[in-house]
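Each chain is listed here by its residues.
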Amino acid sequence: MDRNKISKIATTIVAPVLFSREGTIEKVVSITKEAATNGAKMVVFPETYIPGYPWWIWMGINNNKKLELFKKQYANALEVKSPEMDYIKTTAKKNGIIIALGFVEKDCGTLYNSQVLINEEGNICIQRRKLMPTGEERTIWGMGDGTSLQVCDTSIGKVGMLICYEHSMPLSRYTLYSMGEEIHVAMWPGANFRSQPRDRKKIIDVAMRNMTFEGQVYVVYSSSCVGQEELDFYLELDPGNKGILDEGGGISGIVDPISNYIAGPIEDKEQIVYSEVNLDNIVGVKHMIDCVGHYARPDVFQLNVFSRKHQPVKFVNSSVETLSEKDTCRDACMNESSPSSKGAGNE
């Protein structure tokens with residue numbers, strides 16, 4: 001692919017429109033237009049930006065209320081094959097910009113923490129799901145699989161993506177490096193939510209700068225923040241949040257291959273930050289350390305990646321397509337050649 005060695009990239013701290021897929025999509029469109037107008041060739045949004053990160057899963061509310069909130073998230077989740085996603089793809093094409101987007105994906109009856117990378121021609125070149133939802137996230141989201149480790153050769157370089165605490169999985173990171181990743185996109189949720197004994201911003205900062213050193217890559221990362229509407233909702237939902245949850249939160253930035261910030265970090269309020277990324281700068285770092293090349297020891301260590309999709313049902317009748325050949329669960333459910341619609345397998 002013809003590529004620009006120097007490209008301007010934008011990343012964001014942004015709050016969603018609470019429980020509104022359509023409202024948050026309009027913010028995506030508006031911010032994308034602003035970034036493109038300012039010369040950016042890629043814009044990065046936070047984890048599960050559409051329709052927003054479900055902080056309520058970590059709060060002390062009863063199961064009936066959690067089920068009610070899950071239904072709201074389900075109703076506002078985004079399907080990959082949908083008019084809403086087509087609208088976002090069209091926005092990328094009209095503005096000549098790559099969009100990296102985090103969203104809650106709906107596929108049949110299951111929700112996933114997902115990402116897409118949409119190129120400037122309006123095509124999805126990466127579609128992936130978080131391999132391991134973290135903690136309470138496993139009560140509402142399914143898991144990704146080996147097909148979720150992808151790198152796409154774009155006009156600005158070879159781009160890979162991970163979500164939040166996937167960055168604590170060394171083998172996931174190493175897999176992307178082995179695919180020739182040059183620009184890593186990372187997405188996080190952001191909040192001033194002091195419910196756990198840790199500083200979320202410091203963890204994100206350390207993880208992002210470590211990845212640039214470890215993988216000799218640029219890292220572009222985005223976090224969400226909590227707006228006033230969202231804060232009011234959570235304080236009413238659980239009064240115990242008073243004093244441990246505040247408006248704002250989040251940290252975003254762009255880090256070069258030797259762990260220096262070239263944009264940001266920005267914190268705590270909605271904003272966009274820009275920087276130029278020069279792929280030639282990777283070459284000098286690779287001269288010293290290439291973790292999947294001359295600084296690797298495959299005679300001592302090797303990694304096996306099982307990059308196939310596992311589905312719960314497989315039709316073994318040769319006249320019927322298997323579920324594993326489908327793009328999504330929903331495609332398989334609606335396939336006209338399924339046994340339920342043609343009576344296959346009934347002798």
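The structure this text deals with has already been given above.
Only a predicted model underlies this, so the values are computations on that prediction, with no experimental measurement involved. (Residues numbered from 1 in each chain as written. Predicted model: local features only at pLDDT ≥ 70, side-chain atom pairs only at ≥ 80, totals over all residues. Heavy atoms only, no water.)

Turning our eyes to something else, we now look at the overall build of the protein. Per the secondary structure count, the protein includes nine helices and 14 strands. Taking 2.2 N^0.38 as the reference for a compact globule, 347 residues should give roughly 20 Å; the C-alpha atoms of the protein span a radius of gyration of 21 Å, in line with that estimate. Counting only C-alpha atoms and orienting by the principal axes, one finds that the protein spans roughly 65 × 55 × 45 Å. Contacts in the protein between residues far apart in sequence, at least 24 positions, make up 71% of those at least 6 positions apart. Of the accessible surface of the protein, which amounts to about 16,000 Å², a share of 51% is contributed by carbon and sulfur atoms. Considering the protein, the positive charge centre built from 38 side chains and the negative charge centre built from 44 side chains are found 1 Å apart. (Helix = DSSP H or I, 4+ residues; strand = E, 2+ residues; numbered from the N terminus. Rg over C-alpha atoms; globule rule 2.2 N^0.38 Å. Contact = heavy atoms within 4.5 Å. Areas by Shrake-Rupley, 256 points an atom, 1.4 Å probe, with all protein chains shown as cover. Lys, Arg positive; Asp, Glu negative; His and termini not counted. Charge placed at Lys NZ, Arg CZ, Asp CG, Glu CD.)

This brings us to the packing of helix H1 (residues 21-37) against helix H3 (residues 83-95). Between H1 and H3, whose axes approach to 10 Å, the crossing angle comes to 10°. With respect to their mutual orientation, H1 and H3 come out roughly parallel. Packed against H1, whose contacting residues are Arg 21, Glu 22, Ile 25, Glu 26, Val 28, Val 29, Thr 32, Lys 33 and Ala 36, the element H3 presents Glu 84, Tyr 87, Ile 88, Thr 91 and Asn 95 at the interface. Its residues assigned to classes, the contact of H1 with H3 comprises six nonpolar, three polar and five charged. (Axes fitted to C-alpha atoms, helices over the stretch in contact; angles between N-to-C directions. Parallel < 35°, antiparallel > 145°, perpendicular 65-115°, else oblique. Nonpolar A, V, L, I, M, F, W, Y, C, P; charged D, E, K, R; others polar.)

This structure, assessed with the given rule, holds one cavity of 30 Å³ or more. Size it by volume and the largest cavity reaches roughly 70 Å³. Lining the largest cavity are Pro 16, Leu 18, Phe 19, Pro 51, Gly 52, Tyr 53, Pro 54, Trp 56, Gln 73, Glu 230 and Tyr 234. Class assignment for the residues of the lining of the largest cavity results in eight nonpolar, two polar and one charged. (1 Å grid on protein atoms, 1.4 Å probe; cavity = no way out; pocket = protein on both sides within 12 Å on 5 of 7 lines; lining within 4 Å. Points joined across faces, edges and corners; volume = space filled by probe spheres on them.)

Take the pairing of strand S13 (residues 261-267) next. Taken residue by residue, a regular strand's side chains alternate between the two faces of the sheet. By the bridge criterion, four bridges tie strand S12 (residues 251-255) to S13 in an arrangement that is antiparallel. Counterpart to Val 255 in the pairing with S13 is Tyr 261. Where S12 folds back onto S13 in an antiparallel hairpin, the turn is made up of five residues, including Ser 259, whose phi is positive at roughly 75°. (Pairing = 2+ DSSP bridges.)

Evaluation of the coordinates by the stated rule reveals 18 salt bridges. The partner of Asp 280 in a salt bridge is Lys 5, with the nearest N and O atoms 3.4 Å apart. Of this pair, Asp 280 sits in helix H7 (residues 280-288) while Lys 5 is found in the segment before strand S1 (6-14), placing the two residues 275 residues apart along the sequence. Of the residues examined, Asp 280 reaches a relative accessible area of 41% and is grouped as partly exposed. Linking Arg 194 and Asp 246 is a salt bridge whose minimum nitrogen-to-oxygen distance equals 2.9 Å. One end of the pair, Arg 194, is in the loop between strand S9 (192-193) and helix H5 (200-215); the other, Asp 246, is in strand S11 (residues 245-246), with 52 residues separating them in the sequence. Here the salt bridges share partners, and the residues they tie into one network are Arg 21, Glu 22 and Glu 84. (Salt bridge = Lys/Arg side-chain N within 4 Å of Asp/Glu carboxyl O. Buried < 20%, exposed > 50% of the residue type's maximum accessible area, 1.4 Å probe, protein only.)

In terms of residue burial, strand S8 (residues 183-188) counts as a mostly covered element, since six of its six residues are buried. Alternating positions in S8 separate into two faces, Ile 183, Val 185 and Met 187 on one and His 184, Ala 186 and Trp 188 on the other, with burial throughout. Traced from strand S7 (residues 157-163) through helix H4 (residues 170-178) to S8, the parallel crossover comes out right-handed. Pairing between S8 and strand S10 (residues 218-224): six bridges, direction parallel. By the bridge assignment, Met 187 is partnered in S10 with Ser 222. (Right-handed = clockwise from strand over helix to strand, strands pointing away.)

Take H3 next. Over its 13 residues, H3 runs 18 Å from end to end, which matches the ideal 18 Å to within 8%, given 1.5 Å per residue. Listing the buried residues of H3 in full gives Met 85, Ile 88, Thr 91 and Ala 92. One side of H3 carries all its buried residues, which in axial view fall inside an arc of 110°. Exposed side of H3, more than 90 degrees from the buried face: Pro 83, Lys 93 and Lys 94 are the residues found there. (Expected span 1.5 Å × (residues − 1). Arc of directions from axis to C-beta.)

Moving on, we come to the environment of Arg 297. Relative to the elements of secondary structure, Arg 297 occurs in the loop between H7 and helix H8 (329-334). Looking at Arg 297, its side chain comes within polar contact range of the side chain of Asp 299, at 2.7 Å. (Polar contact = N/O pair within 3.5 Å; in protein donor to acceptor, adjacent residues only side chain to side chain.)

Turning next to the side chain of Ser 223. The topology assignment puts Ser 223 in strand S10. Residue classification places Ser 223 among the buried residues on the basis of a relative accessible area of 0%. A polar contact is formed between the side chain of Ser 223 and the backbone oxygen of Ile 251, at a distance of 2.5 Å. The contact partners of Ser 223, leaving out residues within four places of it in the chain, are Thr 12, Ile 13, Val 14, Pro 46, Trp 188, Gly 190, Ile 204, Gly 250, Ile 251 and Ser 252.

Everything listed here is a matter of coordinates, which is why it stays silent on function.
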